[in-house]
Amino acid sequence: MEVEIQEIKQLLKELVLSQKETDIKFKETDNKFKETDKRIIAAFDLFEGQRGKLMESLVEGDLIKLLQTKGINVHDTSMRRKGNYEGNNYEFDIIAHNGTEIVIVEVKTTLKTQDVKAFVQKLKQVRVWLDEYKNFTVYGAIAFLKADSGSEMFAQSEKLFVIKATGNSAMIINADDFVPQKF
């Protein structure tokens, strides 16, 4: 019986030691999963950022010509205007200029109604955030590849130019008699 108790004690010690080793391996595996998660998130962010830049380039390529067909005689563009005004960060994807007018373009891969609402609020701040344009006529445009349930119609009802990216270029889909909002 004495031998059995000693064997049981030895088995218990081995079991405790084995459990500690298993816990260490679980922690190592958990750390590897966390590192993998970080890498996946970084890769996804990189992909999304590159996809966004691709969309912006696609829209910007024909933007001057498109706006000129709608009576806005812009002649150059600026990309990715970022800044901070009194603690408020802002970013504009594309700005088309002509000296007295600007068209600010928000580019989305998938357009949602809340994107339109947020963009209209940003447009109302343009003259404050971008002092050099305070005396310009400001128009807004939303560009997209795909639109969720009526968001492009909502954008048009907000008097924005609505630009649909198509194939290797883009086109304005507003009706011929469309009159844009001046912000």
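Residues numbered from 1 in each chain as written. Predicted model: local features only at pLDDT ≥ 70, side-chain atom pairs only at ≥ 80, totals over all residues. Heavy atoms only, no water.

## Here's the deal with the pattern of salt bridges
Turning to step 1, where the next piece is worked out: On inspection of all chains with the given rule, the structure shows six salt bridges.
Turning to step 2, where the next piece is worked out: When the shortest N-O distance is used, the salt bridge between D131 and K134 registers 3.8 Å.
Turning to step 3, where the next piece is worked out: Judged by its relative accessible area of 47%, D131 is partly exposed.
Turning to step 4, where the next piece is worked out: Each of the salt bridges in this network shares a partner with another, and the network as a whole consists of E106, K108 and K122. (Salt bridge = Lys/Arg side-chain N within 4 Å of Asp/Glu carboxyl O. Buried < 20%, exposed > 50% of the residue type's maximum accessible area, 1.4 Å probe, protein only.)

## So, the environment of T69
Turning to step 1, where the next piece is worked out: For T69, the location among the structural elements is in helix α1 (residues 2–69).
Turning to step 2, where the next piece is worked out: Residue T69 is classed as exposed on the basis of its relative accessible area of 59%.
Turning to step 3, where the next piece is worked out: When the C-alpha positions of T69 and M79 are compared, they lie 21 Å apart, and in sequence the two are ten residues distant.
Turning to step 4, where the next piece is worked out: A polar contact of 2.5 Å, which involves the side chain of T69, links it to the backbone oxygen of L66. (Helix = DSSP H or I, 4+ residues; strand = E, 2+ residues; numbered from the N terminus. Polar contact = N/O pair within 3.5 Å; in protein donor to acceptor, adjacent residues only side chain to side chain.)

## Observations regarding the pairing of strand β2 (residues 88–97)
Turning to step 1, where the next piece is worked out: Across the ten residues that make up β2, a large majority, seven, are buried.
Turning to step 2, where the next piece is worked out: Hairpin geometry of strand β1 (residues 76–85) and β2 is characterised by an intervening segment of two residues between the two adjacent antiparallel strands and by a positive phi of about 50 degrees at E86.
Turning to step 3, where the next piece is worked out: Bridge analysis of β2 against strand β3 (residues 101–111) gives four bridges, and the strand direction is antiparallel. Looking at β3, one finds that I95 is bridged to I104.
Turning to step 4, where the next piece is worked out: As consecutive antiparallel partners, β2 and β3 are separated by three residues, and within that stretch G99 has a phi angle of approximately 105 degrees, a positive value. (Pairing = 2+ DSSP bridges.)

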